[in-house]
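# Fold and contact review
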Amino acid sequence: MSVATRHIPFLDLAAQYKTLQPEIDAAIAGVIEKSAYISGPAVEAFERDFAAYCDARHHVAVGSGTDALHLALLALGVGPGDEVITQANTFIATLEAIAYTGAHIVLVDVAPPYYDIDIQAVSAAISPRTKVIIPVHLYGHPAPLDALRSLAARYGIAILDDAAQAHGARYRGRRIGSDGLAAFSYYPSKNLGAYGEGGGVTTNDDVLAQNMRRLRDHGGSVRYVHDTLGYNYRMDGIQGAVLRVKLRYLDRWNAQRRSLAATYDGLLGSWPRPAVSPDVEHVYHIYPVFVHNRELVIENLREAGVSTGIHYPIPAHLQKAFEHLGYSAGAFPNAEQLANEELSLPIYPELEEDSCDYVVAALRCAAELAA
Ligand SMILES: *Cc1c(COP(=O)(O)O)cnc(C)c1O
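Residues numbered from 1 in each chain as written. Predicted model: local features only at pLDDT ≥ 70, side-chain atom pairs only at ≥ 80, totals over all residues. Heavy atoms only, no water.

Attention now goes to the site of the ligand. The immediate surroundings of the ligand are formed by 17 residues, with Gly-65, Thr-66, Gln-165, Ser-185 and Lys-190 found nearest. Ser-185 places a side-chain nitrogen or oxygen 2.6 Å from an oxygen atom of the ligand. In isolation the ligand exposes 380 Å². Once the protein is present, 93% of that is buried. For the shell around the ligand, the secondary-structure elements that each account for two or more residues are α3 (65–75) and α4 (93–101). When residues in the shell around the ligand are grouped by element, the largest group, three residues, is from α3. (Near = heavy atom within 4 Å. Polar contact = N/O pair within 3.5 Å; in protein donor to acceptor, adjacent residues only side chain to side chain. Areas by Shrake-Rupley, 256 points an atom, 1.4 Å probe, with all protein chains shown as cover. Helix = DSSP H or I, 4+ residues; strand = E, 2+ residues; numbered from the N terminus.)

The next thing to look at is helix α1 (residues 13–34). The end-to-end C-alpha distance of α1, which contains 22 residues, comes to just 27 Å, noticeably less than the 32 Å that a straight helix rising 1.5 Å per residue would cover. At Leu-20, α1 shows its maximal bend, which comes to roughly 80°, and the proline Pro-22 appears one to four places after that position. Considered for burial, the residues of α1 that qualify are Gln-16, Leu-20, Ile-24, Ala-27, Ile-28, Gly-30 and Val-31. With its phi angle positive at about 50°, Ser-35 sits one or two positions after the end of α1. (Expected span 1.5 Å × (residues − 1). Bend = angle between axes of the 7 residues up to and from the residue. Buried < 20%, exposed > 50% of the residue type's maximum accessible area, 1.4 Å probe, protein only.)

Let's shift gears to the side chain of Asn-254. Structurally, Asn-254 is set in helix α9 (residues 250–268). Side chain to side chain, Asn-254 and Asn-191 meet in a polar contact 3.0 Å long. Here Asn-254 is in contact with Tyr-53, His-167, Gly-168, Asn-191 and Val-283, once residues within four sequence places are set aside. (Contact = heavy atoms within 4.5 Å.)

Read across the sheet, seven strands follow the order β1-β11-β10-β7-β6-β2-β3 without closing on themselves; strand pairing throughout is mixed. Taken across any chain shown, the strands that pair with only one partner, and hence form the sheet edges, are β1 (58–62) and β3 (104–108). Direction aside, the axes of adjacent strands within the sheet are offset by 25° on average. Pairing geometry for strand β6 (residues 130–134) and strand β7 (residues 158–162), over two bridges, is parallel. By the bridge assignment for β7, Val-132 is matched with Ala-158. Contacts from α3 reach β1, β6, β7, β10 (181–185) and β11 (199–203) within the one sheet, and its direction differs from that of β10 by about 160°. Strand contacts of α4: β2 (83–87), β3, β6 and β7, with the helix running at about 150° to β3, the strand carrying the most contacts. (Pairing = 2+ DSSP bridges. Axes fitted to C-alpha atoms, helices over the stretch in contact; angles between N-to-C directions.)

With that settled, the discussion passes to the pairing of β2. Across the five residues of β2, five count as buried, placing the element largely inside the fold. Going residue by residue along β2, you find Glu-83, Ile-85 and Gln-87 tucked away on one face and Val-84 and Thr-86 tucked away on the opposite face as well. Here β2 pairs with β3 via five bridges, running parallel. Looking at the pairing, Gln-87 lines up with Val-108 of β3. Note that β2 and β6 share four bridges and pair parallel. Residue pairing in the sheet places Glu-83 in a bridge with Thr-130 of β6.

Moving on, we come to a nonpolar patch on the surface. Residues Ile-32, Tyr-37 and Ile-38 make up a contiguous nonpolar surface patch of about 280 Å² in total accessible area. Classification of Ile-38 by relative accessible area gives partly exposed; the value is 46%. (Patch = residues over 30% accessible without salt bridge, like charges linked within 9 Å, V, L, I, M, F, W, Y side chains within 5 Å. Salt bridge = Lys/Arg side-chain N within 4 Å of Asp/Glu carboxyl O.)

Take the state of the cysteines next. One covalent bond between the sulfur atoms of two cysteine residues makes up a disulfide. Evaluated as defined, the whole model comprises zero disulfides. With no disulfide partner, Cys-365 has as its closest neighbouring cysteine sulfur the one in Cys-356, 18 Å distant. Looking at Cys-365, the relative accessible area reads 34%, which means it is partly exposed. (Disulfide = S-S within 2.5 Å.)

So, on to the pattern of salt bridges. In the structure shown here, the tally under the stated rule is 17 salt bridges. Residues Arg-248 and Glu-23 are paired through a salt bridge, measuring 3.3 Å at the closest nitrogen-oxygen approach. Here Arg-248, found in the loop between α8 (237–247) and α9, pairs with Glu-23, found in helix α1; they are 225 residues apart in sequence, far enough to count as distant. Using a relative accessible area of 29% as the deciding quantity, one classes Glu-23 as partly exposed. Salt bridges sharing common partners tie together Asp-146, Arg-149, Arg-172, Arg-174, Asp-179 and Asp-279.

Before going further, it helps to spend a moment on the sheet that holds strand β8 (residues 170–171). Spatially, β9-β8-β12 is the arrangement adopted by the three strands of the open sheet, whose pairing is antiparallel. Both outer strands of the open sheet, β9 (174–175) and β12 (280–281), are each paired with one neighbouring strand and no more. Note: β8 against β12, two bridges, orientation antiparallel. Among the inter-strand pairings, Arg-170 is bridged to a residue of β12, identified as Glu-281.

In C-alpha coordinates, the structure reads:
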(Lines give C-alpha, C1' and ligand atoms only; values in the text may rest on other atoms or scores of the structure.)
Protein backbone atom coordinates (compact mmCIF):
# COMPACT_ATOMS: atom_id res chain seq x y z
CA MET A 1 0.00 0.00 0.00
CA SER A 2 1.24 3.51 -0.73
CA VAL A 3 2.28 5.99 1.95
CA ALA A 4 -0.67 7.36 3.91
CA THR A 5 -1.99 10.67 2.61
CA ARG A 6 -4.57 11.11 5.36
CA HIS A 7 -4.89 10.16 9.01
CA ILE A 8 -8.39 9.23 10.04
CA PRO A 9 -8.66 8.22 13.70
CA PHE A 10 -11.34 5.79 14.86
CA LEU A 11 -12.68 8.45 17.25
CA ASP A 12 -11.64 12.04 18.08
CA LEU A 13 -12.87 13.14 21.51
CA ALA A 14 -10.41 16.06 21.63
CA ALA A 15 -12.00 17.55 18.48
CA GLN A 16 -15.42 17.33 20.14
CA TYR A 17 -14.17 19.02 23.33
CA LYS A 18 -12.88 21.98 21.26
CA THR A 19 -16.40 22.60 19.95
CA LEU A 20 -17.82 22.77 23.52
CA GLN A 21 -14.89 24.01 25.60
CA PRO A 22 -16.38 27.17 27.21
CA GLU A 23 -19.62 25.41 28.21
CA ILE A 24 -17.88 22.30 29.53
CA ASP A 25 -15.26 24.27 31.45
CA ALA A 26 -17.93 26.43 33.09
CA ALA A 27 -20.02 23.37 34.03
CA ILE A 28 -17.02 21.62 35.62
CA ALA A 29 -15.99 24.81 37.47
CA GLY A 30 -19.53 25.06 38.86
CA VAL A 31 -19.23 21.62 40.45
CA ILE A 32 -15.82 22.42 41.94
CA GLU A 33 -16.98 25.76 43.33
CA LYS A 34 -19.84 23.97 45.15
CA SER A 35 -17.62 21.00 46.12
CA ALA A 36 -20.49 18.81 44.89
CA TYR A 37 -18.22 15.97 43.86
CA ILE A 38 -20.52 12.99 44.43
CA SER A 39 -24.20 13.09 43.31
CA GLY A 40 -25.54 16.61 44.00
CA PRO A 41 -27.41 19.20 41.91
CA ALA A 42 -25.58 18.65 38.58
CA VAL A 43 -26.29 14.91 38.68
CA GLU A 44 -29.94 15.51 39.67
CA ALA A 45 -30.37 18.00 36.83
CA PHE A 46 -28.87 15.53 34.34
CA GLU A 47 -31.15 12.78 35.70
CA ARG A 48 -34.20 14.95 35.00
CA ASP A 49 -32.98 16.06 31.56
CA PHE A 50 -32.16 12.55 30.35
CA ALA A 51 -35.47 11.16 31.70
CA ALA A 52 -37.31 13.86 29.73
CA TYR A 53 -35.17 13.16 26.64
CA CYS A 54 -36.11 9.45 26.81
CA ASP A 55 -39.80 10.06 27.62
CA ALA A 56 -39.27 8.12 30.87
CA ARG A 57 -40.53 9.01 34.37
CA HIS A 58 -37.20 8.22 36.03
CA HIS A 59 -33.51 8.15 35.19
CA VAL A 60 -31.29 6.86 37.99
CA ALA A 61 -27.68 7.95 37.39
CA VAL A 62 -24.91 5.56 38.48
CA GLY A 63 -21.16 5.07 38.23
CA SER A 64 -20.99 3.06 34.96
CA GLY A 65 -23.01 1.09 32.43
CA THR A 66 -22.01 -2.09 34.24
CA ASP A 67 -23.40 -0.66 37.51
CA ALA A 68 -26.59 0.26 35.62
CA LEU A 69 -27.12 -3.30 34.36
CA HIS A 70 -26.36 -4.81 37.78
CA LEU A 71 -28.59 -2.36 39.66
CA ALA A 72 -31.51 -2.93 37.28
CA LEU A 73 -31.23 -6.72 37.71
CA LEU A 74 -31.10 -6.31 41.52
CA ALA A 75 -34.16 -4.04 41.46
CA LEU A 76 -36.00 -6.74 39.50
CA GLY A 77 -35.13 -9.16 42.30
CA VAL A 78 -32.84 -11.37 40.17
CA GLY A 79 -30.67 -13.74 42.20
CA PRO A 80 -29.40 -17.31 42.55
CA GLY A 81 -31.75 -19.87 41.00
CA ASP A 82 -32.99 -17.45 38.33
CA GLU A 83 -32.05 -17.51 34.65
CA VAL A 84 -31.35 -14.45 32.51
CA ILE A 85 -31.27 -14.72 28.70
CA THR A 86 -28.99 -12.53 26.60
CA GLN A 87 -27.14 -12.69 23.29
CA ALA A 88 -23.70 -14.23 22.67
CA ASN A 89 -22.55 -11.18 20.73
CA THR A 90 -22.18 -8.38 23.26
CA PHE A 91 -19.64 -6.56 25.37
CA ILE A 92 -18.70 -8.70 28.37
CA ALA A 93 -20.33 -6.33 30.91
CA THR A 94 -23.79 -7.68 29.97
CA LEU A 95 -22.72 -11.12 31.23
CA GLU A 96 -20.79 -9.77 34.21
CA ALA A 97 -23.87 -7.96 35.54
CA ILE A 98 -25.90 -11.19 35.43
CA ALA A 99 -23.07 -13.14 37.08
CA TYR A 100 -22.83 -10.59 39.95
CA THR A 101 -26.44 -11.40 40.94
CA GLY A 102 -25.73 -15.15 41.13
CA ALA A 103 -28.29 -15.88 38.39
CA HIS A 104 -27.53 -18.35 35.59
CA ILE A 105 -26.58 -16.89 32.19
CA VAL A 106 -28.42 -18.39 29.20
CA LEU A 107 -27.00 -17.29 25.85
CA VAL A 108 -28.71 -17.24 22.45
CA ASP A 109 -27.52 -16.35 18.95
CA VAL A 110 -28.23 -13.23 16.93
CA ALA A 111 -30.04 -13.49 13.59
CA PRO A 112 -29.31 -12.06 10.14
CA PRO A 113 -30.03 -9.80 8.35
CA TYR A 114 -29.99 -7.32 11.29
CA TYR A 115 -27.79 -9.43 13.61
CA ASP A 116 -29.95 -8.58 16.62
CA ILE A 117 -31.18 -11.06 19.26
CA ASP A 118 -32.82 -14.12 17.65
CA ILE A 119 -36.46 -14.18 18.77
CA GLN A 120 -36.97 -17.88 17.91
CA ALA A 121 -33.88 -18.74 19.94
CA VAL A 122 -35.10 -16.65 22.88
CA SER A 123 -38.47 -18.38 22.73
CA ALA A 124 -36.76 -21.81 22.77
CA ALA A 125 -34.51 -20.80 25.70
CA ILE A 126 -37.33 -19.74 28.05
CA SER A 127 -37.75 -21.99 31.11
CA PRO A 128 -39.81 -21.73 34.33
CA ARG A 129 -36.73 -20.10 35.92
CA THR A 130 -36.32 -17.35 33.30
CA LYS A 131 -36.70 -13.99 35.02
CA VAL A 132 -35.28 -11.43 32.58
CA ILE A 133 -34.36 -11.14 28.88
CA ILE A 134 -31.61 -8.63 28.01
CA PRO A 135 -31.64 -7.58 24.33
CA VAL A 136 -28.54 -5.55 23.43
CA HIS A 137 -29.14 -2.67 21.00
CA LEU A 138 -25.70 -3.37 19.60
CA TYR A 139 -24.01 -0.76 17.39
CA GLY A 140 -26.96 1.60 18.11
CA HIS A 141 -29.46 -0.57 16.16
CA PRO A 142 -32.52 -1.38 18.32
CA ALA A 143 -33.59 -5.01 18.77
CA PRO A 144 -37.17 -6.11 17.79
CA LEU A 145 -38.76 -4.89 21.04
CA ASP A 146 -42.44 -5.45 20.20
CA ALA A 147 -41.90 -9.16 19.48
CA LEU A 148 -39.73 -9.50 22.59
CA ARG A 149 -42.26 -7.70 24.79
CA SER A 150 -45.18 -9.83 23.67
CA LEU A 151 -43.13 -13.02 24.17
CA ALA A 152 -41.98 -11.86 27.63
CA ALA A 153 -45.50 -10.79 28.65
CA ARG A 154 -46.83 -14.28 27.84
CA TYR A 155 -44.47 -15.78 30.44
CA GLY A 156 -44.37 -12.91 32.98
CA ILE A 157 -40.70 -12.21 32.21
CA ALA A 158 -39.12 -8.74 32.44
CA ILE A 159 -37.12 -7.07 29.65
CA LEU A 160 -34.02 -5.06 30.47
CA ASP A 161 -32.60 -3.20 27.47
CA ASP A 162 -28.81 -3.01 27.28
CA ALA A 163 -28.92 0.46 25.74
CA ALA A 164 -25.22 1.23 26.31
CA GLN A 165 -24.77 1.92 22.57
CA ALA A 166 -28.23 3.30 21.77
CA HIS A 167 -28.75 6.78 23.32
CA GLY A 168 -31.45 8.51 21.28
CA ALA A 169 -32.25 5.51 19.04
CA ARG A 170 -35.90 4.75 18.30
CA TYR A 171 -37.90 1.55 17.75
CA ARG A 172 -41.20 2.10 15.86
CA GLY A 173 -40.99 5.80 16.74
CA ARG A 174 -40.48 5.25 20.47
CA ARG A 175 -37.25 6.31 22.11
CA ILE A 176 -35.11 3.52 23.59
CA GLY A 177 -35.54 3.87 27.36
CA SER A 178 -39.15 5.08 27.18
CA ASP A 179 -40.69 1.69 28.20
CA GLY A 180 -39.68 -0.85 30.80
CA LEU A 181 -36.11 -0.74 32.07
CA ALA A 182 -33.11 0.37 30.03
CA ALA A 183 -29.46 0.54 31.12
CA PHE A 184 -27.23 3.19 29.52
CA SER A 185 -23.44 3.64 29.66
CA TYR A 186 -21.81 7.07 29.51
CA TYR A 187 -18.33 5.66 28.91
CA PRO A 188 -16.40 8.43 27.08
CA SER A 189 -16.57 6.84 23.60
CA LYS A 190 -20.36 6.21 23.68
CA ASN A 191 -22.76 8.45 21.69
CA LEU A 192 -23.38 10.33 24.95
CA GLY A 193 -20.07 10.06 26.82
CA ALA A 194 -18.84 11.48 30.12
CA TYR A 195 -15.30 12.61 30.94
CA GLY A 196 -14.84 9.48 33.04
CA GLU A 197 -17.12 6.60 34.02
CA GLY A 198 -20.92 6.96 34.09
CA GLY A 199 -24.16 5.08 33.59
CA GLY A 200 -27.91 5.30 34.19
CA VAL A 201 -31.16 3.33 34.24
CA THR A 202 -34.46 4.65 32.89
CA THR A 203 -37.85 3.36 34.06
CA ASN A 204 -41.47 4.43 34.41
CA ASP A 205 -41.88 2.32 37.56
CA ASP A 206 -41.78 4.40 40.78
CA VAL A 207 -41.01 1.42 43.01
CA LEU A 208 -38.14 0.14 40.86
CA ALA A 209 -36.69 3.67 40.70
CA GLN A 210 -36.89 4.06 44.47
CA ASN A 211 -35.20 0.68 45.01
CA MET A 212 -32.41 1.58 42.61
CA ARG A 213 -31.83 4.97 44.29
CA ARG A 214 -31.49 3.18 47.63
CA LEU A 215 -29.25 0.38 46.39
CA ARG A 216 -26.85 2.72 44.56
CA ASP A 217 -26.18 4.66 47.79
CA HIS A 218 -25.27 1.98 50.36
CA GLY A 219 -28.81 0.67 50.78
CA GLY A 220 -30.29 3.68 52.57
CA SER A 221 -32.28 6.83 51.87
CA VAL A 222 -31.26 8.63 55.08
CA ARG A 223 -27.57 9.05 55.86
CA TYR A 224 -26.14 6.30 58.09
CA VAL A 225 -29.40 4.32 58.08
CA HIS A 226 -28.97 1.20 55.94
CA ASP A 227 -32.03 -0.95 55.27
CA THR A 228 -30.47 -3.45 52.87
CA LEU A 229 -27.07 -4.42 51.54
CA GLY A 230 -26.27 -1.65 49.07
CA TYR A 231 -23.48 -0.51 46.77
CA ASN A 232 -21.44 2.58 46.03
CA TYR A 233 -22.80 3.06 42.50
CA ARG A 234 -23.20 6.87 42.59
CA MET A 235 -22.35 9.24 39.74
CA ASP A 236 -19.70 11.95 40.19
CA GLY A 237 -20.88 15.57 40.09
CA ILE A 238 -18.42 16.47 37.32
CA GLN A 239 -19.78 13.67 35.11
CA GLY A 240 -23.36 14.84 35.64
CA ALA A 241 -22.36 18.40 34.70
CA VAL A 242 -20.49 17.31 31.53
CA LEU A 243 -23.30 14.95 30.46
CA ARG A 244 -25.94 17.63 30.93
CA VAL A 245 -24.08 19.95 28.56
CA LYS A 246 -23.45 17.18 26.03
CA LEU A 247 -27.07 15.94 26.09
CA ARG A 248 -28.13 19.19 24.40
CA TYR A 249 -26.06 18.18 21.36
CA LEU A 250 -26.99 14.49 21.23
CA ASP A 251 -29.73 14.73 18.56
CA ARG A 252 -27.49 16.86 16.33
CA TRP A 253 -24.59 14.42 16.78
CA ASN A 254 -26.77 11.38 16.08
CA ALA A 255 -28.09 13.10 12.92
CA GLN A 256 -24.48 13.64 11.81
CA ARG A 257 -23.73 9.97 12.44
CA ARG A 258 -26.77 9.01 10.32
CA SER A 259 -25.67 11.31 7.54
CA LEU A 260 -22.16 9.79 7.54
CA ALA A 261 -23.71 6.30 7.55
CA ALA A 262 -25.83 7.22 4.51
CA THR A 263 -22.65 8.35 2.75
CA TYR A 264 -20.94 5.04 3.63
CA ASP A 265 -24.05 3.13 2.47
CA GLY A 266 -23.93 4.85 -0.93
CA LEU A 267 -20.21 4.28 -1.37
CA LEU A 268 -20.27 0.65 -0.20
CA GLY A 269 -23.21 -0.45 -2.37
CA SER A 270 -23.62 -4.21 -1.93
CA TRP A 271 -20.57 -4.69 0.34
CA PRO A 272 -21.62 -7.30 2.96
CA ARG A 273 -22.73 -5.81 6.30
CA PRO A 274 -25.58 -6.11 8.82
CA ALA A 275 -28.81 -4.64 7.41
CA VAL A 276 -30.87 -1.87 9.05
CA SER A 277 -34.47 -2.70 10.02
CA PRO A 278 -37.18 -0.37 8.65
CA ASP A 279 -38.60 -0.34 12.23
CA VAL A 280 -35.66 1.52 13.73
CA GLU A 281 -33.94 4.87 13.86
CA HIS A 282 -30.33 3.72 14.13
CA VAL A 283 -27.79 5.93 15.97
CA TYR A 284 -24.64 4.31 14.51
CA HIS A 285 -22.50 4.02 17.61
CA ILE A 286 -20.62 1.64 15.30
CA TYR A 287 -20.66 1.29 11.50
CA PRO A 288 -19.95 -2.44 10.93
CA VAL A 289 -18.93 -4.17 7.68
CA PHE A 290 -17.85 -7.77 7.01
CA VAL A 291 -14.38 -8.55 5.63
CA HIS A 292 -12.31 -11.66 4.97
CA ASN A 293 -8.66 -11.91 6.12
CA ARG A 294 -9.47 -9.22 8.66
CA GLU A 295 -6.01 -8.90 10.25
CA LEU A 296 -4.44 -8.15 6.87
CA VAL A 297 -7.21 -5.73 5.91
CA ILE A 298 -6.73 -3.85 9.20
CA GLU A 299 -2.97 -3.68 8.64
CA ASN A 300 -3.43 -2.39 5.08
CA LEU A 301 -5.93 0.21 6.29
CA ARG A 302 -3.52 1.29 9.03
CA GLU A 303 -0.85 1.86 6.39
CA ALA A 304 -3.35 4.00 4.49
CA GLY A 305 -3.88 6.08 7.65
CA VAL A 306 -7.30 4.68 8.57
CA SER A 307 -7.91 3.38 12.13
CA THR A 308 -10.64 0.78 12.60
CA GLY A 309 -12.08 -1.33 15.42
CA ILE A 310 -13.52 -4.81 16.05
CA HIS A 311 -16.73 -5.22 18.09
CA TYR A 312 -15.96 -7.85 19.36
CA PRO A 313 -13.12 -10.24 18.46
CA ILE A 314 -14.20 -13.05 20.84
CA PRO A 315 -17.91 -13.76 21.39
CA ALA A 316 -19.03 -13.93 25.02
CA HIS A 317 -19.59 -17.72 24.99
CA LEU A 318 -15.96 -18.36 23.98
CA GLN A 319 -14.41 -16.06 26.63
CA LYS A 320 -12.29 -17.90 29.18
CA ALA A 321 -14.03 -16.04 32.03
CA PHE A 322 -17.30 -17.75 31.06
CA GLU A 323 -16.07 -21.18 29.99
CA HIS A 324 -17.90 -22.68 33.00
CA LEU A 325 -21.16 -21.97 31.12
CA GLY A 326 -20.17 -24.91 28.93
CA TYR A 327 -20.66 -23.46 25.42
CA SER A 328 -18.25 -24.46 22.67
CA ALA A 329 -17.22 -23.13 19.25
CA GLY A 330 -20.03 -23.54 16.73
CA ALA A 331 -22.77 -22.99 19.34
CA PHE A 332 -23.78 -19.58 17.92
CA PRO A 333 -22.69 -19.33 14.26
CA ASN A 334 -23.97 -15.78 13.63
CA ALA A 335 -22.28 -14.34 16.72
CA GLU A 336 -19.13 -16.20 15.65
CA GLN A 337 -19.36 -14.81 12.11
CA LEU A 338 -19.45 -11.29 13.60
CA ALA A 339 -16.48 -12.10 15.85
CA ASN A 340 -14.47 -13.39 12.89
CA GLU A 341 -15.45 -10.96 10.12
CA GLU A 342 -16.77 -7.71 11.64
CA LEU A 343 -14.78 -4.52 11.06
CA SER A 344 -15.89 -1.14 12.48
CA LEU A 345 -15.26 1.90 10.25
CA PRO A 346 -14.60 5.35 11.76
CA ILE A 347 -17.87 7.16 12.53
CA TYR A 348 -18.28 10.14 14.87
CA PRO A 349 -19.97 13.54 14.51
CA GLU A 350 -16.72 15.43 13.86
CA LEU A 351 -15.69 13.14 10.94
CA GLU A 352 -15.72 15.04 7.62
CA GLU A 353 -18.12 13.66 4.97
CA ASP A 354 -15.29 13.49 2.42
CA SER A 355 -13.32 11.24 4.78
CA CYS A 356 -15.90 8.53 4.00
CA ASP A 357 -14.75 8.53 0.35
CA TYR A 358 -11.17 8.06 1.47
CA VAL A 359 -12.09 5.30 3.99
CA VAL A 360 -14.12 3.31 1.45
CA ALA A 361 -11.48 3.66 -1.29
CA ALA A 362 -8.85 2.52 1.23
CA LEU A 363 -11.07 -0.39 2.33
CA ARG A 364 -11.56 -1.61 -1.27
CA CYS A 365 -7.84 -1.42 -1.88
CA ALA A 366 -6.99 -3.05 1.49
CA ALA A 367 -9.41 -5.94 0.86
CA GLU A 368 -8.09 -6.52 -2.67
CA LEU A 369 -4.51 -6.66 -1.38
CA ALA A 370 -5.57 -9.06 1.40
CA ALA A 371 -7.48 -11.43 -0.92
C1 LIG B 1 -20.10 0.00 27.09
C2 LIG B 1 -21.02 -1.15 27.26
C3 LIG B 1 -21.40 -1.65 28.52
C4 LIG B 1 -20.74 -1.26 29.82
O5 LIG B 1 -20.65 0.05 30.08
P6 LIG B 1 -19.50 0.64 31.06
O7 LIG B 1 -19.95 2.05 31.23
O8 LIG B 1 -18.20 0.52 30.32
O9 LIG B 1 -19.52 -0.13 32.32
C10 LIG B 1 -22.36 -2.66 28.58
N11 LIG B 1 -22.91 -3.17 27.47
C12 LIG B 1 -22.56 -2.74 26.23
C13 LIG B 1 -23.21 -3.35 25.04
C14 LIG B 1 -21.59 -1.73 26.08
O15 LIG B 1 -21.25 -1.32 24.86
